[in-house]
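# Residue-level structural notes
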There are 2 protein chains.
Amino acid sequence: MIWRLNQGPVRTARGRGRLKVQELWPGLPEWLPLPAGRLIPAIIQDAASGMVLMLVDLNQEALALIAATGRVHYYQPAKRKVVAKGEASGHFQDVVEIRLSCGGDQVILKVRPAGGACELGYASCFFRRLGEGGWEIADPKVFDPEAVYPEIAFSH
Amino acid sequence: MIWRLNQGPVRTARGRGRLKVQELWPGLPEWLPLPAGRLIPAIIQDAASGMVLMLVDLNQEALALIAATGRVHYYQPAKRKVVAKGEASGHFQDVVEIRLSCGGDQVILKVRPAGGACELGYASCFFRRLGEGGWEIADPKVFDPEAVYPEIAFSH
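Residues numbered from 1 in each chain as written. Chains lettered and ligands numbered in written order. Predicted model: local features only at pLDDT ≥ 70, side-chain atom pairs only at ≥ 80, totals over all residues. Heavy atoms only, no water.

### Description of the overall build of chain A
Secondary structure assignment for chain A yields 5 helices and 8 strands. Here chain A holds 156 residues, and 49% of them are scored as buried. Look at the contacts in chain A between residues 6 or more apart in sequence, and 46% of them connect residues 24 or more apart. About 7,400 Å² of surface is accessible on chain A, with carbon and sulfur atoms providing 51% of the total. (Helix = DSSP H or I, 4+ residues; strand = E, 2+ residues; numbered from the N terminus. Buried < 20%, exposed > 50% of the residue type's maximum accessible area, 1.4 Å probe, protein only. Contact = heavy atoms within 4.5 Å. Areas by Shrake-Rupley, 256 points an atom, 1.4 Å probe, with all protein chains shown as cover.)

Take a look at the structure:
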């Protein structure tokens, strides 16, 4: 279990009172030491509403960037690189809490999103619900994807 | 995108008014046709509280069992087989809604759990939160794992 790998020295900040969450991120790569090339799935959840927004993979570089910026970064397989969520749309996601699974191999990033998470214009990528006719759109659009992502040709 | 693969015939039930969610499950393997051996990640979320409980993988067999029973089943890599959530603990999870990601390759199962999801005694497997000293336990136990899982030797 990854969480057992590092029971390292107590941070010197202990005793100064409770840290703000932003002050914790620099410790993230230390507390979740990922081997190079290894991915860990991260559920991105709206901290206020509890809505699940995305399911992405993190690698070492993404963890370091989350720690450095306080914002969601993830490994995008199609681009074969780490991207900042919001780098094209401005819909950044500020991380306010990080949870680890019992197995130490999955995380939840609870976030404050600056806008819809889905490139198709929805708050969440999980906007389709199984209905009697198959997958139906269950949520309203929260932005116009053609205005936000002009470089993408939409067929939807 | 998987959801595009099956825009098949409208279910004959259409026109009888809105179906109960239980009546939809038999259509699940039809609406999410997984090739043999392929896994799709499923976020298990408490339908009432929004709490994320688990992140598991589904295969063809798990989808068929969810459809047949209305309860969460998933592929457990350690056992190399599909298990019913709750088969050892009695903490079954009744599925009340199924969501599909924009890419058609991830799902959310919103559930009514009959008890804690985590074998360590917690409602959610994500009971650890990053704090100043590393991963700290953020949630209360909701059951005694030694009483519920007597066959497992706990060192926690």
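### Observations regarding the nonpolar core
Among the nonpolar cores identified, the biggest contains 79 residues, and Leu 58 of chain A together with Leu 58 of chain B are the most heavily contacted of them. Contact partners of Leu 58 of chain A, with chain neighbours within four places excluded, come to Leu 34, Arg 38, Leu 39, Ile 40, Ala 42, Leu 63, Ile 66, His 73, Tyr 74, Val 107 and Leu 109 of chain A. (Core = buried A, V, L, I, M, F, W, Y, C linked by side-chain atoms within 4.5 Å.)

### Digging into unusual backbone geometry
The phi torsion at Arg 80 of chain A lies on the positive side, around 55°, for a residue other than glycine. A relative accessible area of 71% places Arg 80 of chain A in the exposed class.

### Side note on the pattern of salt bridges
Residues and elements named next belong to chain B. For the coordinates displayed, the defined rule picks out 8 salt bridges over all chains. In this structure, the salt-bridge partner of Asp 94 is Arg 71, at a minimum N-O distance of 3.3 Å. Of this pair, Asp 94 sits in strand β5 (residues 93-100) while Arg 71 sits in the loop between α4 (60-69) and β3 (73-76); the two residues are 23 residues apart in sequence, bridging distant segments of the chain. In this structure Asp 94 comes out as partly exposed when scored by relative accessible area, which is 32%. Classification of Arg 71 as partly exposed rests on a relative accessible area of 31%. In this structure, Glu 97 and Arg 99 form a salt bridge, with 2.6 Å as the shortest nitrogen-oxygen distance. The pair formed by Glu 97 and Arg 99 is uniform in burial state, with each residue classed as buried. (Salt bridge = Lys/Arg side-chain N within 4 Å of Asp/Glu carboxyl O.)

### What about the pairing of β3 of chain B?
Residues and elements named next belong to chain B. The pairing of β3 with strand β4 (residues 81-84) spans 4 bridges and is classified as antiparallel. Looking at the pairing, Gln 76 lines up with Lys 81 of β4. Between the end of β3 and the start of β4, which pair antiparallel, lie 4 residues, with Arg 80 showing a positive phi angle near 55°. (Pairing = 2+ DSSP bridges.)

### Some words on the packing of aromatic side chains
Residue and element names in this part refer to chain A. All told, the structure shown has 4 aromatic pairs over all chains when counted by the stated rule. When the centroid spacing of 6.2 Å and the interplanar angle of 50° are considered together, the rings of Phe 143 and Tyr 149 count as tilted. On the basis of relative accessible area, Tyr 149 is assigned to the buried category, the value being 3%. Here the basic side chain of Arg 71 rests over the ring of Phe 92, its NZ or CZ set 4.0 Å away from the ring centre. (Phe/Tyr/Trp six-rings, centres within 6.5 Å; stacked < 30°, edge-to-face > 60°. Lys NZ or Arg CZ within 6 Å of the ring centre and 35° of its normal.)

### Some details on α4 of chain B
Residue and element names in this part refer to chain B. Listed as buried for α4 are Ala 62, Leu 63, Ile 66 and Ala 67. Looking down the long axis of α4, one finds its buried residues gathered within 135° of arc, a one-sided arrangement. In this structure, the buried side of α4 is in contact with α3 (28-31), β2 (52-58), β3, β4, β5 and β6 (107-113). Gly 70, located one to two residues past α4, shows a positive phi value of around 75°. (Arc of directions from axis to C-beta.)

### Things to note about the confidence of the model for chain A
Residue and element names in this part refer to chain A. In the predicted model, chain A carries a mean pLDDT of 85, and 81% of its residues have values of at least 70. Note that pLDDT drops below 50 for residues 1-17; the model gives that stretch 35 contacts with residues more than four away or on any other chain. We note a pTM of 0.86 for the whole complex and an ipTM of 0.86 for its interfaces. (pLDDT = per-residue confidence, 0-100.)

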